[in-house]
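Here is how the chains run, residue by residue.
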Amino acid sequence: MMNIILFGPPGSGKGTQAQMLKDRFNLLHVSTGDIFRNEIANGTPLGMEAKTFMDRGHLVPDELTIRLLDGFVEANSTPATEGIIFDGFPRTVPQAIALDEFMEKRNSPVMVVLSLMVDEEEVVKRLISRGLTSNRIDDANEEIVRNRLKVYYTQTAPLAEFYRNQKKLISLNGKGTIEEVFEHLCVEIFKLSE
Ligand code: B4P
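Definitions and limits used
- Residues numbered from 1 in each chain as written.
- Predicted model: local features only at pLDDT ≥ 70, side-chain atom pairs only at ≥ 80, totals over all residues.
- Heavy atoms only, no water.
- Axes fitted to C-alpha atoms, helices over the stretch in contact; angles between N-to-C directions.
- Helix = DSSP H or I, 4+ residues; strand = E, 2+ residues; numbered from the N terminus.
- Parallel < 35°, antiparallel > 145°, perpendicular 65-115°, else oblique.
- Left-handed = near helix turned anticlockwise from the far one by under 90°.
- Contact = heavy atoms within 4.5 Å.
- Salt bridge = Lys/Arg side-chain N within 4 Å of Asp/Glu carboxyl O.
- Buried < 20%, exposed > 50% of the residue type's maximum accessible area, 1.4 Å probe, protein only.
- Polar contact = N/O pair within 3.5 Å; in protein donor to acceptor, adjacent residues only side chain to side chain.

A. Here's a closer look at the packing of helix α6 (residues 120-133) against helix α7 (residues 142-156). The interhelical angle for the contact between α6 and α7, taken along N-to-C directions, is 135 degrees, at an axis separation of 10 Å. One way to sum up the angle between α6 and α7 is to call them oblique. In the packing of α6 onto α7, the handedness of the crossing is right-handed. Of the residues in α7, those in contact with Glu-120, Glu-121, Val-123, Val-124, Leu-127, Ile-128 and Arg-130 of α6 are Glu-142, Val-145, Arg-146, Arg-148, Leu-149 and Tyr-153.

Written as structure tokens, this is what we have:
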């Protein structure tokens, strides 16, 4: 099974690239951000709880996130799926530990963590520009966007070390056109099946 984590700051292109990679490699796309937004749109209690954190640019608590991930993967895996692409998960060390345990139970470990490197000013520019056309409250103003980046550097970036120690981390340039970044990611993924 080709289980892949896309890693990087908010706005680095994880969601954009995961959408393309899932089609190219027949993967189940797990975006915790999308799952939360779906729960919010459906007005579920879980969604309402998540919204209070997301709107301020904070992380949703680990316990809630892990519960949601479990349910989503179990409900959406099919025998035809050739792996999972995790986009925006894990975001904390406890989430990474929970994911390792979850994948071990499925006898299907994470193979690689592809980290998209994009500088802070570029991601701020991308998110603010998305905020002009989407109704995402967390992209709506620079203060919230900068807060998300602060959360990323303090709580999520340390995960790079976690995966470097497991010898799974590969860093890639996330700047350039969407197609260029996609090509770089595909090259790394093809290497997994060599
Ligand atoms: P997410 O939904 O994961 O999204 P994201 O961080 O905004 O960005 P992503 O990197 O996917 O960027 P995208 O491709 O869209 O998180 C939202 C919130 O949900 C979090 O802040 C948190 O509150 C909560 N959450 C989610 N997962 C969680 C977890 N595991 N634990 C706790 N809380 C969690 O790209 C952004 C923009 O850039 C787009 O407009 C795109 O068109 C553009 N773009 C992409 N690639 C480009 C390129 N190469 N060049 C130019 N523009 C590009």
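B. Broad picture of the pattern of salt bridges. Counted under the stated rule, the structure contains 18 salt bridges. With a shortest N-O distance of 3.8 Å, Arg-148 and Asp-138 are connected by a salt bridge. Residue Arg-148 is found in helix α7, and its partner Asp-138 is found in the loop between α6 and α7; the two are separated by ten residues along the sequence. Neither Arg-148 nor Asp-138 differs from the other in exposure class; each is buried. Lys-191 is the partner of Glu-188 in a salt bridge, and the nearest nitrogen-oxygen pair spans 3.2 Å. Pair noted here: Glu-188 and Lys-191 are both in helix α9 (residues 178-192), with a separation of three residues, about one helical turn. Exposure remark for Glu-188: the relative accessible area of 15% places this residue in the buried category. Overall, Lys-191 belongs to the partly exposed group, its relative accessible area being 44%. Shared partners join several salt bridges into a network, and the residues in it are Arg-130, Arg-136, Asp-138, Asp-139 and Arg-148.

C. The arrangement of the side chain of Gln-17 in detail. Relative to the assigned elements, Gln-17 resides in helix α1 (residues 14-25). Taking relative accessible area as the criterion, Gln-17 reaches 2% and is therefore assigned buried. Of the polar contacts made by the side chain of Gln-17, one reaches the backbone nitrogen of Phe-182; its length is 3.4 Å. In contact with Gln-17, not counting residues within four places along its chain, are Leu-6, Leu-116, Ile-178, Val-181, Phe-182 and Leu-185.

D. A look at the environment of Val-60. The topology assignment puts Val-60 in the loop between α3 (45-54) and α4 (62-76). Sequence separation of Val-60 and Val-151 is 91 residues, and the distance between their C-alpha atoms is 11 Å. Filtering out sequence-adjacent residues up to four positions away, Val-60 remains in contact with Phe-36, Ala-50, Phe-53, Met-54, Thr-65 and Gln-95.

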